[in-house]
Amino acid sequence: MQLERSAAKANAPDFLKQIGLALGALQAERQKKSIAGGKVNGGLVEIQKLEKLAVVSDLHGDSKSLFRILSELNYEQFLSDPMNKLVFLGDYVDRGSDSMGVMYAVCHLKSTYPDSVVLMRGNHEAPAEFPFSSHNLPYEIEERFGSCSKEVYQRLLSMFKLLTLATVVRQKLLLVHGGLPTENATMESLATAQENHIRSRVLEELLWNDPRQIDIEPGWEMSRRGLGRHFGSGVSRMWLQRSGAKVIVRGHEPCQGFRLDHDGAVMTLFSCKEAYPKFKAAYLALTAGQLDDINDARDLSRYVRFPELL
Ligand SMILES: [Mn+2]
């Protein structure tokens, strides 16, 4: 695949250019407040009209899984129709061996097909104020680019601020990286979570939360991750009602491709293998017609695909 070769041989100026183009596309859709078939409100994207949908979850520097999935999707044809949507759930970097290859590819996809690609933010793309571990991205950049590495990293950090925080697809799916905020918050607070991240917990919870069985009030408990919380099914139900969606789709936890929680309200999806050899990679691919028949995560699980990794 040409994209795979370009990602492998890109030098620091190529990278800076590619990140800049993606940043420009992200800025443009926020200013325009629209994407083909939908609306863009800060960090919140709402897609009403579409033809086909594909969702790719955590990649964690596993470019092999990414390129395999792109090839199975026949991505150039898929993305050339602005009504087809490819949504990434974030966590592009760290843990695996080729964070830069993954970043180069997703930036290229966003700048080449801005109306077809939604790049969401994971906790590994969090603001510098959040101390999270296993962040090997800066070292990988330094190894690859030496003296230019600081500039590349800073440019990436400024692009991360513009990544999408929550996506609603056709009153069916609510997509986030980690989970939903446990305290009373509005849809609008999801849109402005980056700007308010110092005084509000919303960004932290979107990026770090995990669904768990919690039956007692207030429906959440502390997370062992040190950031974010565990949220119970009451929180899921509240956000499904608030967004009008039927299923929450999120990544953030390795699993056997996918996992269901909260009685079919939540699907966890995971798309990489390299750093998690005991788990499976998967992605979602379905048409708008199939999406319209979905009422819970069990229905949605029919459209989980497992890439054939070599
Ligand atoms: Mn994560």
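Residues numbered from 1 in each chain as written. Predicted model: local features only at pLDDT ≥ 70, side-chain atom pairs only at ≥ 80, totals over all residues. Heavy atoms only, no water.

Quick notes on the overall build of the protein chain
Next up, step 1: Helix and strand counts for the protein chain stand at 12 helices and 16 strands.
Next up, step 2: Computed over the C-alpha atoms, the radius of gyration of the protein chain is 18 Å, within 12% of the 19 Å expected from 2.2 N^0.38 for a compact globule of 310 residues.
Next up, step 3: Taken across its 310 residues, the protein chain has 60% of its residues classed as buried.
Next up, step 4: Restricting the contact set of the protein chain to residue pairs at least 6 apart, pairs at least 24 apart contribute 72%. (Helix = DSSP H or I, 4+ residues; strand = E, 2+ residues; numbered from the N terminus. Rg over C-alpha atoms; globule rule 2.2 N^0.38 Å. Buried < 20%, exposed > 50% of the residue type's maximum accessible area, 1.4 Å probe, protein only. Contact = heavy atoms within 4.5 Å.)

Here's the deal with the packing of helix H6 (residues 137–145) against helix H7 (residues 149–160)
Any two packed helices are characterised by the angle at which their axes cross and by the distance between the axes.
Next up, step 1: At a closest axis distance of 8 Å, the pairing of H6 and H7 adopts a crossing angle of 140 degrees. As far as their axial angle goes, H7 and H6 are oblique. Of the two elements, H6 crosses H7, and the hand of that crossing is right-handed. Counted together, Leu137, Pro138, Ile141, Glu142 and Phe145 of H6 and Ser149, Val152, Tyr153, Leu156 and Phe160 of H7 form the full contact between these two elements.
Next up, step 2: Split by residue class, the contact of H6 with H7 holds 8 nonpolar, 1 polar and 1 charged. (Axes fitted to C-alpha atoms, helices over the stretch in contact; angles between N-to-C directions. Parallel < 35°, antiparallel > 145°, perpendicular 65-115°, else oblique. Left-handed = near helix turned anticlockwise from the far one by under 90°. Nonpolar A, V, L, I, M, F, W, Y, C, P; charged D, E, K, R; others polar.)

Regarding the UniProt feature "domain: Serine/threonine specific protein phosphatases" (unreviewed entry) in the protein chain
Next up, step 1: What UniProt calls "domain: Serine/threonine specific protein phosphatases" (unreviewed entry) maps, in this numbering, to residues 120–125.
Next up, step 2: Measuring from the first to the last C-alpha atom of residues 120–125 gives 9 Å, for a span that is 0% helix and 0% strand. (UniProt positions renumbered as here; feature names shortened; annotations may be inferred.)

As for the layout of surface pockets
Next up, step 1: Here the largest pocket defines a volume of roughly 230 Å³.
Next up, step 2: Around the largest pocket, the lining comprises 14 residues; the ones closest to its centre are Lys52, Leu73, Phe78, Ala285 and Arg305.
Next up, step 3: Top element by residues in the lining of the largest pocket is strand E15 (residues 283–287). It accounts for 3 residues.
Next up, step 4: Here the residues of the lining of the largest pocket sort into 6 nonpolar, 5 polar and 3 charged.
Next up, step 5: Looking at the second largest pocket, its volume works out to about 190 Å³.
Next up, step 6: Lining the second largest pocket are 13 residues, with Glu217, Pro218, Gly219, Gly234 and Val235 positioned closest to its centre. (1 Å grid on protein atoms, 1.4 Å probe; cavity = no way out; pocket = protein on both sides within 12 Å on 5 of 7 lines; lining within 4 Å. Points joined across faces, edges and corners; volume = space filled by probe spheres on them.)

Quick look at the side chain of Glu125
Next up, step 1: Mapped onto the elements of the fold, Glu125 is located in the loop between strand E6 (117–119) and H6.
Next up, step 2: In this structure, Glu125 is buried with no salt-bridge partner, the nearest side chain bearing the opposite charge being Arg121 at 6.5 Å.
Next up, step 3: Within the structure, Glu125 has its side chain in polar contact with the backbone nitrogen of Tyr92 (distance 2.9 Å).
Next up, step 4: In terms of polar contacts, Glu125 uses its side chain to reach the backbone amide nitrogen of Gly122, at 2.7 Å.
Next up, step 5: Those residues in contact with Glu125, other than ones at most four positions away along the chain, are Gly90, Asp91, Tyr92, Val93, Phe160 and Leu163. (Lys, Arg positive; Asp, Glu negative; His and termini not counted. Salt bridge = Lys/Arg side-chain N within 4 Å of Asp/Glu carboxyl O. Polar contact = N/O pair within 3.5 Å; in protein donor to acceptor, adjacent residues only side chain to side chain.)

Concerning the sheet that holds strand E10 (residues 220–222)
Next up, step 1: The strand order across the open sheet built from 3 strands is E9-E11-E10, with neighbouring strands paired in mixed fashion. The open sheet has two edge strands, strand E9 (210–211) and E10, and neither has a second partner.
Next up, step 2: By the bridge criterion, 3 bridges tie E10 to strand E11 (residues 229–231) in an arrangement that is antiparallel. Residue pairing across strands places Met222 opposite Arg229, the latter belonging to E11. (Pairing = 2+ DSSP bridges.)

Quick look at the environment of Ala185
Next up, step 1: You can see Ala185 is positioned in the loop between strand E8 (173–175) and helix H8 (187–191).
Next up, step 2: Take Ala185: its relative accessible area is 9%, and that puts it in the buried class.
Next up, step 3: The spatial distance from the C-alpha of Ala185 to the C-alpha of Gly232 is 16 Å, given a sequence separation of 47 residues.
Next up, step 4: Not counting residues within four places of it along the chain, the set of residues in contact with Ala185 comprises Val202, Trp239 and Arg242.

Side note on the packing of aromatic side chains
Next up, step 1: Using the criterion set out here, one finds 7 aromatic pairs in the structure.
Next up, step 2: Here a set of aromatic residues connected by ring pairs shows up, and it is made of Phe15, Tyr104 and Phe145.
Next up, step 3: Here Arg229 stacks its cationic end above the ring of Trp220, 3.5 Å away from the centre of that ring.
Next up, step 4: Against the face of Phe306 rests Lys280, its NZ or CZ located 5.9 Å from the ring centre. (Phe/Tyr/Trp six-rings, centres within 6.5 Å; stacked < 30°, edge-to-face > 60°. Lys NZ or Arg CZ within 6 Å of the ring centre and 35° of its normal.)

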